Amino acid sequence: MRRRSVALVTAALLGAGLAGCSEPTAPAGRPAPGAPPQATTPAPRVPAGKAPTKSFAVGVRQVKLNRDGDRPLPVTLWYPATGAAGGTAERSAPAATGRFPVVLFSHGLGARPEDYRVLLTRWAAAGFVVAAPRFPHTGRGGDGNPLDVLNQPADVSYVLTRVLALGETAGDPLRGRLDPERVAATGHSAGGVTTIGLFTTGRDERLDAGIVFAGTALGVGTAFAGAAAPQMFVHGEADEVVSYAAGKAVFDAVPWPKAMLSLPKGDHGRALLGDGRALRVVADTTVEFLRWTLYGDPAAKKRLPADATRGGVATLDDRL
């Protein structure tokens, strides 16, 4: 209960802090917040392909990064590994053979990447390298400053650059294992704000898709820019911190292929932090979304609606 109480208080601070701040100025060459979105292409940018059908073992390692010398960003990497699938992630296990898409994950206020281990290792087992930074101010142990969320899209872009460099570094265990042309950004709560920012005022053109869990556009706006990048939103209708209506408003503003997974009984984070039916539906649905958007697998897109509505846990607004 203590973890949940801390999450509620810090998330409430996020809402209070960002509600009073002005929208940031758009970088040169990008539309200002509230401006009509730029023209986009109608489909995912990755070529059609087939996602792995096997389940991989999962390895885990830590990478210490620091942006500008004063923003420490320790990154947890979960990745497909050699060995038998199942069980807990094995530290520094050898990477599996292949070139895998990269999925960035941004945690919520007062949280850590490890808090989302069950979901993120599921993505890694499906054939994705997951890179999850711990932010200096909004992560557990930081000063809890919610306004620092506005600096986090740049943090994530920096992390992406450094992580992709590992795939080109002689002697690194991930050399030759990362596909820089297949990248998604994802995040929960404050991390959802961060993720939205990566497609609006802080658009990173390397990103092919996004997943927003219980997010809002406060502070980063809804001026989605650049090439089309399909988006999935996951939101509990009983969210007591970021209202379902706030998440739905951002979803409605997305000009690209999109889907919204709604959990009628879902609160702000239990479906991501627990290990029940809701988490299984969220995991299965997001895996299929990532298979489609990053591997270009059309069969995954066809399976997505059935996974989303299995067991009556969630409903899906499918505009993909």
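Residues numbered from 1 in each chain as written. Predicted model: local features only at pLDDT ≥ 70, side-chain atom pairs only at ≥ 80, totals over all residues. Heavy atoms only, no water.

Trainee: I tried to follow the sheet that holds strand β10 (residues 315-319) on my own but got confused; where do I start?
Mentor: Sheet strands pair via backbone hydrogen bonds, and the direction of the pair is either parallel or antiparallel. Taken together, the 10 strands give an open sheet; going across it, the order is β3-β1-β2-β5-β4-β6-β7-β8-β9-β10, and neighbouring strands pair in mixed fashion. The sheet is open, and its two edges are formed by β3 (90-91) and β10, each paired on a single side. Here strand β9 (residues 258-263) runs beside β10; their pairing, made up of five bridges, is antiparallel. The residue bridging A259 from the neighbouring strand is D318, located in β10. Helix α2 (residues 117-125) rests against β1 (57-67), β2 (71-81), β4 (100-106), β5 (129-133), β6 (178-188) and β7 (209-213) of the sheet, and its axis sits at about 50° to β2. Against the sheet, helix α5 (residues 244-253) engages β8 (231-236), β9 and β10, with an angle of about 165° to β9. (Pairing = 2+ DSSP bridges. Helix = DSSP H or I, 4+ residues; strand = E, 2+ residues; numbered from the N terminus. Contact = heavy atoms within 4.5 Å. Axes fitted to C-alpha atoms, helices over the stretch in contact; angles between N-to-C directions.)

Trainee: What should I look at first to understand the packing of aromatic side chains in this one?
Mentor: Two aromatic rings, taken as a pair, are described by how far apart their centres are and by the angle between their planes. For the coordinates displayed, the defined rule picks out nine aromatic pairs. On the basis of an interplanar angle of 70° and a centroid distance of 6.4 Å, the ring pair of F105 and W123 is categorised as edge-to-face. Here the residue F105 occupies a position in strand β4, and W123 occupies one in helix α2, the gap between them amounting to 18 residues. Across the pair, exposure class does not vary: F105 and W123 are buried alike. When the centroid spacing of 5.9 Å and the interplanar angle of 75° are considered together, the rings of F233 and F251 count as edge-to-face. Taken together, the positions of F233 in strand β8 and F251 in helix α5 put the pair 18 residues apart, joining distant regions of the chain. Summarising the burial analysis for this pair, F233 and F251 share the class buried. Site record: aromatic cluster; members linked through ring pairs are F105, Y116, W123 and F213. Above the ring of F251, the side-chain terminus of K258 is found at 4.9 Å from the ring centroid. (Phe/Tyr/Trp six-rings, centres within 6.5 Å; stacked < 30°, edge-to-face > 60°. Buried < 20%, exposed > 50% of the residue type's maximum accessible area, 1.4 Å probe, protein only. Lys NZ or Arg CZ within 6 Å of the ring centre and 35° of its normal.)

Trainee: What's the story with the environment of T201 in this structure? I'm lost.
Mentor: Tracing the backbone through its elements, the reader meets T201 in the loop between α4 (190-197) and β7. In this structure T201 comes out as buried when scored by relative accessible area, which is 12%. Sequence separation between T201 and T222 is 21 residues; the distance between their C-alpha atoms is 8.4 Å.

Trainee: Explain α2 to me, please; I cannot follow it from the model alone.
Mentor: One full turn of an α-helix is made of 3.6 residues, so residues set three or four places apart face in the same direction. If you check which residues of α2 are buried, you get L119, L120, T121, W123, A124 and A125. Remark: G127 follows α2 within two positions and exhibits a positive phi of approximately 110°.

Trainee: Please explain helix α7 (residues 277-295) as it appears in this structure.
Mentor: For α7, with 19 residues, the first-to-last C-alpha span of 26 Å sits near the 27 Å given by 1.5 Å per residue. Counting buried residues in α7 gives 16 out of 19 residues, a clear majority hidden from the surface. Directly after α7, the chain includes G296, whose backbone phi takes a positive value near 70°. (Expected span 1.5 Å × (residues − 1).)

Trainee: Where do I start with the pattern of salt bridges in this structure?
Mentor: Pairing between side chains of opposite charge can happen when their charged atoms approach one another. A complete count under the given rule lists 18 salt bridges for this structure. With its nearest N and O atoms 3.8 Å apart, the salt bridge here joins E114 to R112. A residue is classified by how much of its surface remains accessible, and E114, at 24% relative accessible area, is partly exposed. Note that D307 is salt-bridged to R310, the shortest N-O span being 2.7 Å. Overall, D307 belongs to the buried group, its relative accessible area being 8%. (Salt bridge = Lys/Arg side-chain N within 4 Å of Asp/Glu carboxyl O.)

Trainee: I'm lost on the pairing of β8 in this one. Help?
Mentor: Moving residue by residue along a regular strand, the side chains alternate between the two faces of the sheet. Most of β8 sits out of view: six of its six residues are buried. Residues Q231, F233 and H235 of β8 are buried on one face, and the alternating residues M232, V234 and G236, pointing to the opposite face, are buried as well. Here four bridges tie β7 to β8, and the two strands are oriented parallel to one another. Within β8, the position partnered with G210 by the bridge is Q231. As a crossover connection, the stretch from β8 through α5 into β9 is right-handed. (Right-handed = clockwise from strand over helix to strand, strands pointing away.)

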